[in-house]
Amino acid sequence: MALLILLVHVCLLMSSSFARSLVQSKVRITARADDAAPLQDVVEQQARTIQALQAKLAGMEARLQSAESRLQKQVAFTVHFSQHSVSVGLHSTLVFDTVVTNIGNAYDSRSGLFTSPYDGVYVFFLTAMSENSHGVIQLALRKGDTELAVTWGDGQNDPNDQETAHVLVPLKAGDRVWVSHKDGDTELYGGPWSTFSGWLVHADL
């Protein structure tokens, strides 16, 4: 009888130990599952952060390439007459035949025409000195059939009268700009006293 009671106690102790072992194992498994969930969240968050940084880097590279492309599009010119006394034809194109600067080679000193090589915004300046003892002369900055700006000078009543005009204008590649005689007298004082200039301010993307 004592032996039977002893066996029962042993069985009960073994059962209790096994139950505690199961509980502890369950706790460890639960803890490991709980640890894995935050780790997966961290990995997913890092992946999203990397994707956002990659997109930002791609945008910065695109903007850098655009800036480099714009820097490569350089256009500027300044020209004047080689002669000091210049006779221009009525309503004709003024041909400034002495080139001071012609970056991009957009100005043609044989025809007097500036041809836009790129889409963008350009600025043009015209300065002309009226010949002394001659009447009013009007000149025009032109783009096709459009008068962009007009100058007016009177060398008879105002000796060495120097007229100026400037304009900021958007152009498409292939558009042409030039100076033409608009009205009045046809004599100018040339050399560096009468100049035509222009440059690209901002190239379109």
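### A look at the overall build of the protein
A tally of helices and strands in the protein yields one helix and 12 strands. For the protein, the succession of helices and strands along the chain, N to C, is α-β-β-β-β-β-β-β-β-β-β-β-β. Per-residue burial for the protein yields a buried fraction of 30% across its 205 residues. Of the contacts formed within the protein by residues at least 6 apart in sequence, a portion of 72% connects residues at least 24 apart. Roughly 12,900 Å² of accessible area belongs to the protein as shown, and the carbon and sulfur atoms make up 58% of that amount.

### Quick word on the pairing of strand 9 (residues 162-171)
Across a regular strand the side chains alternate sides, sitting on one face of the sheet and then on the other. By the alternation rule, side chains of strand 9 split into E163, A165, V167, V169 and L171, which are all buried, and Q162, T164, H166, L168 and P170, of which none is buried. Bridging between strand 6 (residues 120-130) and strand 9 involves 10 bridges; their strand directions are antiparallel. Residue pairing for strand 9: V123 is matched across the bridge by L168.

### Here we look at the pattern of salt bridges
For the structure shown, the criterion picks out four salt bridges. Each of the salt bridges in this network shares a partner with another, and the network as a whole consists of R142, E147 and K182.

### Concerning the nonpolar core
Core analysis: the largest hydrophobic core is formed by 29 residues, its most contacted members being F96, F114, F124, L188 and F196. If you list the elements that add at least two residues to this core, you get strand 1 (76-80), strand 6, strand 7 (136-143), strand 9, strand 10 (176-184) and strand 12 (195-203). Apart from residues no more than four positions distant in its own chain, F124 is found in contact with F77, F114, L141, A165, H166, V167, V169, L171, V177, F196, S197 and G198.

### With respect to the packing of aromatic side chains
As enumerated under the stated definition, the model contains 13 aromatic pairs in all. On the basis of an interplanar angle of 15° and a centroid distance of 5.7 Å, the ring pair of F125 and W199 is categorised as stacked. Residue F125 is found in strand 6, and its partner W199 is found in strand 12; the two are separated by 74 residues along the sequence. Assessed through its relative accessible area of 35%, F125 is described here as partly exposed. Aromatic rings pair up to connect F77, F81, F96, Y107, F114, Y122, F124 and F196 into one cluster.

Conventions and cut-offs
- Residues numbered from 1 in each chain as written.
- Predicted model: local features only at pLDDT ≥ 70, side-chain atom pairs only at ≥ 80, totals over all residues.
- Heavy atoms only, no water.
- Helix = DSSP H or I, 4+ residues; strand = E, 2+ residues; numbered from the N terminus.
- Buried < 20%, exposed > 50% of the residue type's maximum accessible area, 1.4 Å probe, protein only.
- Contact = heavy atoms within 4.5 Å.
- Areas by Shrake-Rupley, 256 points an atom, 1.4 Å probe, with all protein chains shown as cover.
- Pairing = 2+ DSSP bridges.
- Salt bridge = Lys/Arg side-chain N within 4 Å of Asp/Glu carboxyl O.
- Core = buried A, V, L, I, M, F, W, Y, C linked by side-chain atoms within 4.5 Å.
- Phe/Tyr/Trp six-rings, centres within 6.5 Å; stacked < 30°, edge-to-face > 60°.

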